[in-house]
Amino acid sequence: MRTNRFLVILFFVALHAQAQERIEMIPYGDFESWTEKQIKESALIGGQTKTLYKIGGSWSSSNAHARALGVDKVSVSVTPERRGEGYCCRMESTLESVKAIGIDFKALATGSIYTGKLLDVVGLKQSSDPNSAIDMGVPFTGRPSALILDYKALIQDRTAVYAPAKTKVKKVAGHDKGHITLILQHRWEENGHVYAYRVGTAVQTIDRTTEWRNDFRVPVVYGQAGADLKELSNNRHKTHNSEGKMVCIEEVGFREDMAPTHLIVQISAGSMPPFTGCPGNVVWCDNIRLAYTGDQSSLAHAK
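A brief structural summary. The structure displayed is predicted, hence computed values, not measured ones.

A separate point is the nonpolar core. One broad trend across soluble globular proteins is that nonpolar side chains are buried collectively. Of all hydrophobic cores here, the largest spans 37 residues; its most connected members are Ile113 and Ile288. Examining the composition of this core, we find that five residues originate from one element, strand E26 (residues 282-293), more than from any other.

Rendered as structure tokens:
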């Protein structure tokens, strides 16, 4: 009898814990609302018309319309793909070839999606540092306990390459891996500089080929413990300051006690620096959600 009573108590405790968790879809994280734009590339590089896909909401991607010296080029490494009766997001690392004036240029584009905003047209100024074209992150005040998503992957067992839109492709050490990252920041501005404390961190490496892993959870770690997952960054992510100038987000420390002001979520087919990776790596994702427990703030508080 005591054993049965104990099992009943455990059952109700489990039900209570489950009821305390709240799961919310990040807007447009179900990938059912894509938009398309037809862009004609310059005749100098073939004059093809390409489809530039956009996800919507606070999401942007590595898909880009670039214009340099009057030449228009479109890069598409993120596309919608059928999944059941709906769609998911497909990200692929591609080695693009562009022929102009008889010269064959090669560029590695890593398929990636993120919360933030990419320039409508990427210029020559941003060509050497693609991150300078991205206003990374969105206003957000929640404190989620986990990032939840469905994903699958095709990870190639090949040596990575470096191809920065030049004629030669250079092999580099290592094998590229997909990754899932969530960063919560508390940002402020002083004298034109944008500083941030890292409030929360969630990181998952995708290092092997796998079929769909549904409801996959990546726990959010708060405060200094996040240092073991991802070190502070002072020159990678950028944002516009109050004067409209694109500047680095300078992370200066870990603070669990601070309230988040911004959310960065990034999912990618690769994790190496720009123009570096493994062609043929593919990551699919769908149904990107945030889990909350107790009285934590939710997406309703996002701006």
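Text resumes after the structure shown.
The phi torsion at phenylalanine 275 lies on the positive side, around 70°, for a residue other than glycine. Within the secondary structure layout, phenylalanine 275 lies in the loop between strand E24 (262-268) and strand E25 (276-277). In this structure, asparagine 287 is a non-glycine residue whose phi angle is positive, near 50°. Of note, asparagine 287 is situated in strand E26.

In total, this model carries 16 salt bridges according to the counting rule given. Between arginine 198 and glutamate 251 there is a salt bridge, with its nearest N and O atoms 2.8 Å apart. Of this pair, arginine 198 sits in strand E19 (residues 193-206) while glutamate 251 sits in strand E23 (residues 246-254), and the two are 53 residues apart along the sequence. Exposure class is identical for arginine 198 and glutamate 251. Each is buried. Note that arginine 289 and aspartate 215 form a salt bridge whose closest N and O atoms lie 3.0 Å from each other. One end of the pair, arginine 289, is in strand E26; the other, aspartate 215, is in strand E20 (residues 210-219), and 74 residues separate them in sequence. In this structure arginine 289 comes out as buried when scored by relative accessible area, which is 14%. Looking at aspartate 215, the relative accessible area reads 48%, which means it is partly exposed.

What follows covers the pairing of strand E6 (residues 71-75). Burial analysis of E6 places five of its five residues in the buried class, the great majority of the element. Of the two faces of E6, both are covered, the one formed by Val71, Lys73 and Ser75 as well as the one formed by Asp72 and Val74. Pairing geometry for strand E5 (residues 64-68) and E6, over five bridges, is antiparallel. Of the residues in E6, the one forming a bridge with alanine 66 is lysine 73. Between the antiparallel neighbours E5 and E6 lie two residues, among them leucine 69 with a positive phi of about 55°.

Looking at where isoleucine 26 falls in the secondary structure, it is placed in the loop between strand E1 (21-25) and strand E2 (35-40). Residues isoleucine 26 and leucine 147, spaced 121 residues apart in sequence, show a C-alpha to C-alpha distance of 9.8 Å.

Among the secondary structure elements, serine 61 is positioned in strand E4 (residues 59-61). Only 3.1 Å separates the side chain of serine 61 from the backbone nitrogen of asparagine 63, close enough to count as a polar contact. Discounting residues that sit within four places of it in the chain, serine 61 has contacts with Tyr53, Val78, Ser112, Ile113, Tyr114 and Leu118.

The topology assignment puts asparagine 281 in the loop between E25 and E26. Given a relative accessible area of 0%, asparagine 281 falls into the buried group. Of the polar contacts made by the side chain of asparagine 281, one reaches the backbone oxygen of aspartate 176; its length is 3.4 Å.

As paired strands, strand E7 (residues 78-83) and strand E8 (residues 86-92) are joined by six bridges and run antiparallel to one another. If you follow valine 78 over to E8, its bridge partner there is methionine 91. Counting the residues that bridge the hairpin from E7 to E8 gives two residues, and of these glycine 84 lies at a positive phi of roughly 65°. With four bridges connecting them, E8 and E26 associate as antiparallel partners. By the bridge assignment for E26, glutamate 92 is matched with valine 282.

Analysis parameters
Residues numbered from 1 in each chain as written. Predicted model: local features only at pLDDT ≥ 70, side-chain atom pairs only at ≥ 80, totals over all residues. Heavy atoms only, no water. Core = buried A, V, L, I, M, F, W, Y, C linked by side-chain atoms within 4.5 Å. Buried < 20%, exposed > 50% of the residue type's maximum accessible area, 1.4 Å probe, protein only. Helix = DSSP H or I, 4+ residues; strand = E, 2+ residues; numbered from the N terminus. Salt bridge = Lys/Arg side-chain N within 4 Å of Asp/Glu carboxyl O. Pairing = 2+ DSSP bridges. Polar contact = N/O pair within 3.5 Å; in protein donor to acceptor, adjacent residues only side chain to side chain. Contact = heavy atoms within 4.5 Å.

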